[in-house]
Amino acid sequence: MFSSINSRAIVPVACAVTGFVIACCVLLYTFVKDDLVKGEIQHAVDLSDTVIKSTRYAMLKDDRDTLSNIISSIGEQNQVEHVRIFNKKGLIMFSRDAREVDQFIDKSAAGCNECHAGTVAKRSLGTMAKARQFTNAEGHDVLAITAPIYNEPECSNVACHFHEARQSLLGTLDIGVSQAPLKQTLGQLQNRMIMFSGMVLVLTVGAVCALLYSQVFLPIKKLVDFTEASRGDILDDDFPEMSGDMARLADAFQKMTCRVRELERRDQAKGSKSSSRESLL
Amino acid sequence: MSQAGPHPEVQQIPGREDLRQRIEARIRRMERASGYGLWSMVLFLLVSLAAFDGFSIFPDLSEDVRKFLGAPPPGQMISLALVVYAFSSIVRTLARMSRNIQPYMGLMHAAFFTAFYSFYYLSGILQDNFWAVFFAGISVMGLENYYLWSHSSEAVRKERALLETMRRNGDGERG
């Protein structure tokens, strides 16, 4: 397989370039995927902040009907898979899905165990730690955000409805958005990158092969054929026009062949002279 | 001033049999070197197999060990280091090929790529980056091993030709 100069020169380099390009494409895809997922998480965190701010007044007034309506309306939006608010004990107070209300959240479930892994629950999380990705019961990929609803002076001071000032956490908002659009974008990106990498590889390796073949391998092959055949003193007329080292090599071959022919002719002439002298004697 | 010449043992030209044995030893050494490259490739493939499975054959690292190791480096830094390492390795191998410099074994590459798998594993992003390390490793080690193999084959061919010439000359002298 590796006996010819073509395969020795092209195959290893082509394989190395191919492997490197594939590795770079995988890394590039991972980078882009990370950036897109981070953007999606930030978007979901912003959405959860918006929900908390828009429900703040209803919470202050302890207007549970309005709060329930807001949660239902948000839950009906496209791409929102679930939205619920549960209190500090984990009892679901409001949810898009009415069946979930008055049920307890599993603290060991994904998303909850970020804070509740230790004996003492964490009081705050970074933006990325608030997010969790999972497949829900309907088989949809979901990106969920759990945002804590903290106690504020207005919550503990109002007369109608109050929480103790020392109670830092009042409840938690849990909102999940569908990852289907993100998955679709990533799938398209993957396909485009595969196509683009394939074209780059074909063009790069093809161009290198074509150049090497026309500039190096073909002239060498002609020279090899010429020297092996030993059919004449000069190179064929169809020998390609060359420049640089290949032209010098061809010229050297030609001169060497002429020299050998000359020596052979002299040798023959000397031989015929001596034989005629012997016959005269 | 002493006019003493070199030691007689040094001056002595090695015998034909001695030279033949040395050539054969060189051939064996080069064949072994070619084999080392193959072993490093096998080692890398075995590590890749374990990494593909998320190193599940090993027990999970305890919290104490993780604390001892410290925080893993950011994933993007590992990826950047991988690209730089793979790129420079390929360029270095191609440069050695073009100047016909003695290749070295691929064991160092196998160790480095194992380290990349480990870093990704400790950062928890091995699954996303496995194929990047695998293809980078295959391309770097494949090129290195190809050069090691071709360089050794060429050297072995020359040594065998030398042996053959010696054998013919020996037969001629005896004839």
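Our subject is the structure listed above.
Per-chain numbering applies: the sequence of each chain, read as written, is numbered from 1 onward. Chain labels run from A onward and ligand labels from 1 onward, assigned in the order the entries are written. Owing to the predicted nature of the model, reporting of local features is limited to residues with pLDDT of at least 70; listing and counting of side-chain atom pairs is limited to 80 or more, with chain, interface and lining totals taken over all residues.

**Brief notes about the overall build of chain A**
Broken down by element type, chain A carries six helices and five strands. Secondary structure follows DSSP: runs of H or I at least 4 residues long count as helices, runs of E at least 2 residues long count as strands, and numbering of each begins at the N terminus. Along chain A, helices (α) and strands (β) appear in the sequence α-α-β-β-α-β-β-α-β-α-α when read from the amino end. Counting other C-beta atoms within 10 Å of a residue's C-beta gives its exposure: the residue is buried at 20 or more, exposed at 12 or fewer, and partly exposed in between, where C-beta atoms are placed from the backbone. Looking at chain A as a whole, 16% of its 281 residues qualify as buried. Sequence separation of 24 or more characterises 56% of the internal contacts of chain A that already satisfy a separation of 6 or more. Contacts are defined on C-beta atoms placed from the backbone: any two residues whose C-beta positions lie within 7 Å are in contact.

**Quick look at the overall build of chain B**
Scanning chain B from terminus to terminus reveals six helices and zero strands. When the helices and strands of chain B are listed from N to C terminus, the series reads α-α-α-α-α-α. For chain B, with 175 residues in total, the buried portion stands at 26%. Sequence-distant contacts in chain B: of pairs separated by 6 or more residues, those separated by 24 or more amount to 90%.

**Some points on unusual backbone geometry**
For residues besides glycine, phi is generally negative; the peptide bonds are generally trans as well. In the Ramachandran plot, Q79 of chain A falls in the positive-phi region, its phi being about 75° despite a non-glycine side chain. The exposure class assigned to Q79 of chain A is partly exposed, which follows from the 14 C-beta atoms found within 10 Å. Positive phi values are uncommon outside glycine, yet N100 of chain B reaches one of about 55°. Note that N100 of chain B resides in the loop between α4 (75-99) and α5 (107-123). In this structure N100 of chain B comes out as exposed when scored by C-beta crowding, with 10 C-beta atoms within 10 Å.

**So, the nonpolar core**
Buried Ala, Val, Leu, Ile, Met, Phe, Trp, Tyr and Cys residues whose C-beta atoms connect them within 7 Å together make up a nonpolar core. By size, the foremost hydrophobic cluster in this structure holds 35 residues, and its most contacted members are A23 of chain A together with Y117, V133 and A136 of chain B. Put simply, the parts of the chain that give this core at least two residues each are α1 (5-60) of chain A together with α2 (16-52), α4, α5 and α6 (126-174) of chain B. When residues of this core are assigned to their parent elements, the largest contribution, 13 residues, is made by α6 of chain B. Contact partners of A136 of chain B, with chain neighbours within four places excluded, come to G19, F20 and A23 of chain A together with L82 and A86 of chain B. Counting 19 residues, the second-largest nonpolar core is a separate cluster that includes I85, V142, L143 and A147 of chain A.

**Some remarks on the packing of α4 of chain B against α5 of chain B**
Residues and elements named next belong to chain B. Orientation is described by lines fitted to C-alpha atoms, with helices fitted over the stretch in contact, and by angles between N-to-C directions that extend from 0 to 180 degrees. For the pair α4 and α5, interaxial distance at closest approach is 10 Å and the crossing angle is 165°. Of the possible angle classes, the one that applies to α4 and α5 is roughly antiparallel. As α4 runs across α5, the sense of the crossing is left-handed. Side by side, α4 and α5 meet where G75, I78, L82, Y85 and S89 of the first sit next to H109, F112, F116, F119, Y120 and S123 of the second. Residue polarity is assigned by list, with Asp, Glu, Lys and Arg as charged and Ala, Val, Leu, Ile, Met, Phe, Trp, Tyr, Cys and Pro as nonpolar; anything else, Gly included, falls into the polar class. Residues belonging to the contact of α4 with α5 are distributed by class as follows: seven nonpolar, four polar and no charged. Each angle receives one of four descriptions, namely roughly parallel if under 35 degrees, roughly antiparallel if over 145, roughly perpendicular if within 65 to 115, and oblique otherwise. Here a crossing is taken to be left-handed if its near helix is turned anticlockwise relative to the far helix by less than a right angle, and right-handed if that turn runs clockwise.

**Focus on the interface of chain A and chain B**
Taken together, the 13 residues of chain A in the interface contact 19 residues of chain B. For the side of chain A that touches chain B, the per-class residue count stands at ten nonpolar, two polar and one charged.

**Let's talk about the packing of α2 of chain B against α5 of chain B**
Residue and element names in this part refer to chain B. With their axes 9 Å apart at the nearest point, α2 and α5 run at an angle of 10° to one another. As the angle between them shows, α2 and α5 are arranged roughly parallel. Contact residues: α2 offers S40, L43, F44, V47 and A51, while α5 offers L107, H109, A110, F113, T114 and Y117. Of the residues belonging to the contact of α2 with α5, the class tally is eight nonpolar, three polar and no charged.

**A short note on the pairing of strand β3 (residues 131-135) of chain A**
All names here are of chain A. Alignment of β3 against strand β4 (residues 141-150), held across five bridges, turns out to be antiparallel. When the bridges of β4 are listed, A131 appears paired with I145. In this structure, the hairpin formed by β3 and β4 is closed by a connection of five residues, where G139 is found at a positive phi of approximately 85°. At least two DSSP bridges between two strands are needed for those strands to be called paired.

**Quick word on α5 of chain B**
Residue and element names in this part refer to chain B. Between the first and last C-alpha of α5 there are 24 Å, a value that for 17 residues agrees with the 24 Å anticipated at 1.5 Å per step. Along α5, the residues classified as buried are H109, A110, F113, F116, Y117, F119, Y120 and Y121. Among the residues trailing α5, G124 stands out with phi positive, at a value near 75°. Helix span, as expected, comes to 1.5 Å for every residue beyond the first.

**Quick notes on the sheet that holds strand β2 (residues 92-95) of chain A**
All names here are of chain A. Pairing is antiparallel across the open sheet formed by five strands, whose spatial order is β2-β1-β5-β4-β3. Each end of this open sheet is capped by a strand with a single partner; those strands are β2 and β3. Looking at each pair of strands side by side, their axes are set apart by 25° on average, direction ignored. Pairing analysis gives three bridges linking strand β1 (residues 80-87) to β2, with the strands arranged antiparallel. Within the sheet, the bridge partner assigned to I85 lies in β2 and is F94. Relative to the sheet, helix α2 (residues 64-75) contacts β1 and β2, its axis offset from that of β1 by approximately 155°.

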